[in-house]
Amino acid sequence: MRYLVLLILLLAPFGILAREWEDLQVFGSSDRPPLRILSSTDTSFFAPIIEDFIAMSPNTSVEYFVTGTVELDQMFRAAPDQFDIVISSAMDLQLKLANDGFSSTVMNVDHPDWAQWHNSLFAFTSEPAAIVINRKAFDGLNIPGRRQDLIQLMRDHPDRFQGRVGTYDVRQSGLGYLFATQDARATETYWRLTEVMGRVGAKLYCCSGQMIDDLRSGDLIMAYNVLGSYAQAQAAISDDLMVILPSEFPTTMMRTILASAAAPDPQRADRFVRHLLKLQSVGDPAIFPLPPLAVSEDFQTQRTINLDPALMTYLDQMKREAFIREWEDAIVQVD
Amino acid sequence: MTANVIVSGSLRNRLAIILTGGAALLALVLYLVVRALAAQVAQQGQDNILSASMSSVLDTAVIRDGRVMLDFPYSSFSMLNTQADDRVFYAIYEGETLLSGYDWLVVPDDLAPENTLFETTTINGDHLRVATGSRVLIGSDGPRNVSVSIAQTQDALSNTLNGISRNVAFLGLGFFLMSSALAIWAASTTSGQMRRLTTSVTRRGPQDLSPVTKAVPSEMAPLVGSLNTFMSRLDHTLTQSEDFIAEAAHRIRTPLATVRSHAEATLQRVDREDNRKSLQAMVRAIDESSRTAGQLLDHAMVTFRAENLEMSQVDLVELLQELVLGMTPVAEMKDITITMKVEGPATLLGDAILLQNALRNLIDNALKYAPAETRLLVEVSRSPTLSVSVYDEGQGFAPDEIETLSGRFVRGKNMGNKVGSGLGLTIAQEVAVAHGGKLILSNRPEGGACVTLFF
Ligand SMILES: Nc1ncnc2c1ncn2[C@@H]1O[C@H](COP(=O)(O)OP(=O)(O)OP(=O)(O)O)[C@@H](O)[C@H]1O
Ligand SMILES: [Mg+2]
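Within each chain, residues carry numbers counting from 1 in the order of the written sequence. Chain letters start at A and ligand numbers start at 1, both assigned in the order the entries are written. Local features in this predicted model are restricted to residues of pLDDT 70 or higher, and side-chain atom pairs are both shown and tallied only at a pLDDT of 80 or more, whereas totals for entire chains, interfaces and linings draw on every residue. Hydrogens and water are ignored here; the side-chain numbers use all heavy atoms of the structure.

1. Some points on the overall build of chain B
Phase 1 of the analysis: Tallying secondary structure elements over chain B gives 8 helices and 14 strands in all.
Phase 2 of the analysis: Relative accessible area decides the class of each residue, using a 1.4 Å probe on protein chains only: under 20% of the type maximum gives buried, over 50% gives exposed, and in between gives partly exposed. The burial tally for chain B puts 39% of its 455 residues in the buried class.
Phase 3 of the analysis: In what follows, a contact means two residues having at least one pair of non-hydrogen atoms within 4.5 Å. Contacts spanning at least 24 positions in sequence make up 64% of the contacts within chain B whose residues lie at least 6 apart.
Phase 4 of the analysis: The accessible surface values rely on the Shrake-Rupley method and a 1.4 Å probe; as for residues, cover is taken only from the protein chains in view. Taken as a whole, chain B presents about 25,700 Å² of accessible surface, with 59% of it coming from carbon and sulfur. By definition, any uninterrupted DSSP run of H or I lasting at least four residues is a helix, any uninterrupted run of E lasting at least two residues is a strand, and each is numbered from the N terminus.

Given below as structure tokens:
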């Protein structure tokens, strides 16, 4: 259910040049300039939230731009005054934006301390990375519970998995890179898994959505590090899909929001952030369809990625180069 | 008393101001010193972490395939996590070339290898603390210099400092308040000593010139010492002059008595009228002088005894009865009847000799200034206070003189040719005052004088 919408935007007066968006939707109408949200989250998850915001503040329109986490970061850095709000699943890129002074502070928000950074970056979801399998294609195989099981399965049945395993291309996807680096940091198994996936000719994806599409169509039998929230939404519709959270630890990401320091209307941006955080805390799934923040007990077992400056470690040029080189060595089979 | 003393400032206030001022100054110094120390300690803490982070990055520097590589651990930055979510910046240089990190973070020139340099800079309004270190790697093509700077904002630090400052401010304020209370207490106890001395001196009777015997603090000893010497000198002088008067009166009276007896004898023998007249005038003048001398002697005695009264329970009624009995012969000569009216027993703690002297003067006046064949009433009354009144049926006091008659040597217009010195009422008044009472002169509505001694 994912469209790649090609939109030529006539936004020259605002400095946004014509470019390709994954999606762009306008909500509400107003004689005032719209609130511009730059996001990596599918519109379907955010539409009720935005509509609720518009209902609360009349004469407001919202433009919702969707793009990948890496382009999103680059675009926002290039033109921070063109957007009011930035929402992304790449916690590391978001934290670096806040660290580099691109975000404005939203003071005195009733929000857990571990889910905010520097009063300017706020986490509002807890979304684990999951193993998703196509139940039909998996017929006769043991359902894997841990990463180790996955390695074993692929080693035992290389023919069944050949060319039918998917994972993020960490070179393209900010979120994929975040999941990979956090996995690598936590366990050595990650590298063995990557190597095995490389051996069975894993397909590399930019986004969770496409991986899920290919799983449903049966092109993929298994995908690793798929965004659990998207997969769960699809699994609810399709019986074929099965979402497995690795039992040793699911790497859990928190989606974050920040208000641009150069926002054209800072008060409105501030209001939107507060509104979103309030909806998160209420947690009505009709208005807030995203998985809300984990309560603090699950926090450790879920291995949620911490919002702290260490997230910038793997964004370091040298570290990134080294990591990608190692990853390529493991997954890209040159034979 | 203080009316004619030139007052300049107050010792207590001066002391209190100096002490509280000193306390305020000390509190301020305490605040500043503790704050500065806290700032130093807090900065030291941040520096230690920055330095640890910096060296953990620098330690990973290796040359691989001819390139300098730093594969620093996750903990390098995670150790920089603070309560206030301080922002972190870093730069890794090889010589002058930026390998990675923020290019605006430049390595200082004066950096010695194997040394950590700390700096505080302000960039875009943020106060940054920067720790920089460097290392020399020996590659195949010679030595290569790698330097790492780690910078962090100081929000957590200033939060800590603000917290400490607030606490230290409370401490300083508490210290100040306590010292102030102490200062005020010290000042008032010090001045309290003075006040106690002042009251003990003020409370004395006008005649009391005895030395201050109460213990005083050593600082006040010289003052009290000179006060005591001064008073004893004064006392000595007074006693001397009283003695002198008594002596003088006595010395005059004796020869006067001799002169008088000679004049009387001569008067018997002289027949010529004008000679008799001048002799009579002479006798009168002698009487006058001798009366004056007697009264002077009494007055001196009263003044002297008033200083240290010989107190005893005096029965006024008995005393008056004796007096009246003693004066009856004089009264009978003038056909004056003396009546006593007493409400009951009346005793008084006082000096009997002085009281007798005063009352005698009053009865003496009544007998002297009232005409013959009149009545004299001596009344002892106990309410509102104990008092003795002497009423006569004479012409009374002239209203315009009534205020001044009790002055020394003052006699009224009505004195006629009666012998007197003008000291009688003075003596009565001084005795009254010495007993804490007063003397009131008035005229009776039906005519006659009324003199009352109130105690
Ligand atoms: N009972 C009285 N009636 C009228 N006048 C009086 C009476 N007592 C005193 N005075 C007046 O008051 C004056 C002062 O009296 P005071 O007793 O002091 O002196 P003095 O009687 O004149 O002399 P002395 O010292 O010998 O008594 C008298 O001179 C007299 O004028
Ligand atoms: Mg008299």
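2. So, the interface of chain A and chain B
Phase 1 of the analysis: Taken together, the contact pairs 25 residues of chain A with 25 residues of chain B.
Phase 2 of the analysis: Carbon and sulfur atoms make up 52% of the area that chain A and chain B hide from each other, which totals about 2,100 Å².
Phase 3 of the analysis: Looking only at chain A, the three residues that lose the most surface to chain B are A:Asn99, A:His118 and A:Met318, adding up to 28% of its buried area.
Phase 4 of the analysis: By definition, a salt bridge exists where a carboxyl oxygen of Asp or Glu is found within 4 Å of a side-chain nitrogen of Lys or Arg. There are 2 salt bridges connecting chain A and chain B.
Phase 5 of the analysis: For the salt bridge of B:Asp71 with A:Lys319, the shortest nitrogen-to-oxygen distance reads 2.8 Å.
Phase 6 of the analysis: Distance and chemistry together define a polar contact, namely a pair of N or O atoms within 3.5 Å, with one atom able to donate a hydrogen and the other to accept it when in protein, and with adjacent residues in sequence counting only for side-chain atoms on both sides. On inspection of chain A and its partner chain B, the count reaches 14 residue pairs in polar contact (both at pLDDT 80 or more).
Phase 7 of the analysis: Under the convention adopted here, Pro, Cys and the residues Ala, Val, Leu, Ile, Met, Phe, Trp and Tyr are nonpolar, Asp, Glu, Lys and Arg are charged, and Gly plus all remaining residues are polar. Looking at side-chain class alone, the side of chain A that touches chain B contains 9 nonpolar, 7 polar and 9 charged residues. Simply put, the buried area is the total loss of 1.4 Å probe accessible area from both parts when two parts are fitted together.

3. Looking at helix α6 (residues 174–186) of chain A
Residues and elements named next belong to chain A.
Phase 1 of the analysis: One fewer than the residue count of a helix, multiplied by 1.5 Å, yields its expected span. A rise of 1.5 Å per residue sets the reference length of α6, with its 13 residues, at 18 Å; its end C-alpha atoms lie 18 Å apart and thus fit the reference within 8%.
Phase 2 of the analysis: Of all 13 residues in α6, 11 are buried; the element is thus mostly enclosed.
Phase 3 of the analysis: Inspection of α6 places Gly174, Leu175, Gly176, Tyr177, Leu178, Phe179, Ala180, Thr181, Gln182, Asp183 and Ala184 among the buried residues, and these make up the whole buried set.

4. Some details on the site of ligand 1
Residues and elements named next belong to chain B.
Phase 1 of the analysis: We define proximity as follows: a residue is near a molecule or strand when any one of its heavy atoms falls within 4 Å of that partner. Near ligand 1 there are 21 residues, and of these Arg291, Tyr369, Arg411, Asn414 and Ser421 occur at the shortest range.
Phase 2 of the analysis: Between Tyr369 and ligand 1, the recorded distance is 2.7 Å, taken from a side-chain N or O atom to an oxygen atom.
Phase 3 of the analysis: Leu425 places a polar main-chain atom, nitrogen or oxygen, 2.9 Å from an oxygen atom of ligand 1.
Phase 4 of the analysis: Computed on the free molecule, ligand 1 has an accessible area of 590 Å², of which 99% lies beneath the protein chains in the complex.
Phase 5 of the analysis: Listed by contribution, the elements that provide at least two residues to the shell around ligand 1 are α5 (273–307), α7 (352–369) and α8 (424–434).
Phase 6 of the analysis: Top element by residues in the shell around ligand 1 is α7. It accounts for 4 residues.
Phase 7 of the analysis: Partitioned by chemical class, the residues of the shell around ligand 1 number 8 nonpolar, 9 polar and 4 charged.

5. Looking at the pattern of salt bridges
Residue and element names in this part refer to chain B.
Phase 1 of the analysis: If you walk through the whole model with that rule in mind, you get 32 salt bridges over all chains.
Phase 2 of the analysis: Close ionic contact of Arg87 with Asp126 constitutes a salt bridge, the shortest N to O distance being 2.9 Å. Taken together, the residues Arg87 in the loop between α2 (75–78) and β3 (88–94) and Asp126 in strand β6 (residues 126–139) connect sequence positions 39 residues apart.
Phase 3 of the analysis: A salt bridge links Lys413 to Asp400; its shortest N-O distance comes to 3.4 Å. Of the two residues, Lys413 is situated in the loop between β12 (387–391) and α8 and Asp400 in the loop between β12 and α8; the sequence distance between them amounts to 13 residues.

6. Focus: α8(B)
Phase 1 of the analysis: Turning to α8(B), its buried residues are B:Gly424, B:Leu425, B:Thr426, B:Ile427, B:Ala428, B:Val431 and B:Ala432.
Phase 2 of the analysis: Those residues of α8(B) that are buried lie in contact with α5, α7, β13 (438–443) and β14 (449–454) of chain B.

7. Details of the state of the cysteines
Put plainly, a disulfide is one covalent bond tying together the sulfur atoms of two cysteines.
Residue and element names in this part refer to chain A.
Phase 1 of the analysis: The disulfide definition used here is simple: a pair of cysteine sulfur atoms within 2.5 Å. If you walk through the whole model with that rule in mind, you get 1 disulfide over all chains.
Phase 2 of the analysis: Cys206 shares a disulfide with Cys207; S-S distance 2.2 Å. Of note, the bridge from Cys206 to Cys207 carries an S-S torsion of about -75 degrees and is left-handed in sense.
Phase 3 of the analysis: Taking the relative accessible area as the measure of exposure, Cys207 reaches 13% and is therefore buried.

8. Some thoughts on a nonpolar patch on the surface
Residues and elements named next belong to chain B.
Phase 1 of the analysis: Patches were defined on residues exceeding 30% relative accessible area and lacking a salt bridge, with like-charge contacts within 9 Å and nonpolar side-chain contacts (Val, Leu, Ile, Met, Phe, Trp, Tyr) within 5 Å. Together, Leu25, Val29, Val33 and Leu37 make up a nonpolar patch on the protein surface, roughly 360 Å² of accessible area in all.
Phase 2 of the analysis: With respect to the helices and strands, the residue Leu25 is situated in helix α1 (residues 11–58).
Phase 3 of the analysis: Leu25 sits in the exposed class, given a relative accessible area of 57%.

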